[in-house]
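# A structural walkthrough
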Amino acid sequence: FKKKKKKSVYNKKMTKGTTAQGTKNYKTHVLCKRCGKRSFHVSKKTCASCGYPGKKMRKYMWSRPAFGRRTTGAGRCKYLKVVKRKEANGWKKN
């Protein structure tokens, strides 16, 4: 007769590690229509970043660096460069 191995106590415990990550296969956040970030909460129907579908943009004084990421000057400012040049030259017409 073969001796039966004792079952380990450690295998039965609930884990928060690698095995638990396999169950997290659904998306809570998807892309937002307004800001384009992956922060639109599917079940709450609101964006964590910009506050869409609220009319006003979400902003708080405790996160000032976030202001600079989404205000004028954060992108190319393609048209504003033209306006700046025209203003410097006195709005001359061709």
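What comes next concerns the included structure. (Residues numbered from 1 in each chain as written. Predicted model: local features only at pLDDT ≥ 70, side-chain atom pairs only at ≥ 80, totals over all residues. Heavy atoms only, no water.)

### Considering the side chain of H41
Positionally, H41 belongs in strand β2 (residues 40-41). In this structure the side chain of H41 is engaged in a polar contact, spanning 3.1 Å, whose partner is the side chain of S43. Those residues within four positions of H41 in sequence are excluded, and the remaining contacts are T28, H29 and T46. (Helix = DSSP H or I, 4+ residues; strand = E, 2+ residues; numbered from the N terminus. Polar contact = N/O pair within 3.5 Å; in protein donor to acceptor, adjacent residues only side chain to side chain. Contact = heavy atoms within 4.5 Å.)

### Topic: the sheet that holds strand β3 (residues 46-47)
Across the sheet, which stays open at both edges, the three strands sit in the order β1-β2-β3 with antiparallel pairing between neighbours. Because the sheet does not close on itself, it has two edges, and the strands there are β1 (29-30) and β3. Alignment of β2 against β3, held across two bridges, turns out to be antiparallel. Paired with F40 across the strands is C47, a residue of β3. (Pairing = 2+ DSSP bridges.)

### Some thoughts on unusual backbone geometry
For the peptide bond that leads from Y52 to P53, omega is 15°, which places it in the cis range. Considering the arrangement of structural elements, one finds P53 in the loop between β3 and α2 (64-70). Even without glycine at this site, C77 takes up a positive phi of about 55°. One can find C77 in the loop between α2 and α3 (78-88). The partly exposed category is assigned to C77, whose relative accessible area is 26%. (Buried < 20%, exposed > 50% of the residue type's maximum accessible area, 1.4 Å probe, protein only.)

### Points about the environment of P53
When its relative accessible area of 51% is taken as the criterion, P53 is described as exposed. Between the C-alpha atoms of P53 and C32, which are 21 residues apart in sequence, the distance is 9.5 Å. Apart from residues no more than four positions distant in its own chain, P53 is found in contact with K45 and T46.

### A few points about α3
Taken across its 11 residues, α3 has one buried, putting it largely on the surface. Of the residues flanking the end of α3, it is G90, one or two places downstream, whose phi is positive at about 80°.

### Regarding the packing of aromatic side chains
A complete count under the given rule lists two aromatic pairs for this structure. Taking 6.2 Å as the distance between ring centres and 55° as the angle between the ring planes, the aromatic pair formed by F40 and Y52 counts as tilted. Separated by 12 residues along the polypeptide, F40 in strand β2 and Y52 in the loop between β3 and α2 bring together distant segments of the chain. The partly exposed category is assigned to Y52, whose relative accessible area is 25%. When the centroid spacing of 5.2 Å and the interplanar angle of 10° are considered together, the rings of Y60 and W62 count as stacked. (Phe/Tyr/Trp six-rings, centres within 6.5 Å; stacked < 30°, edge-to-face > 60°.)

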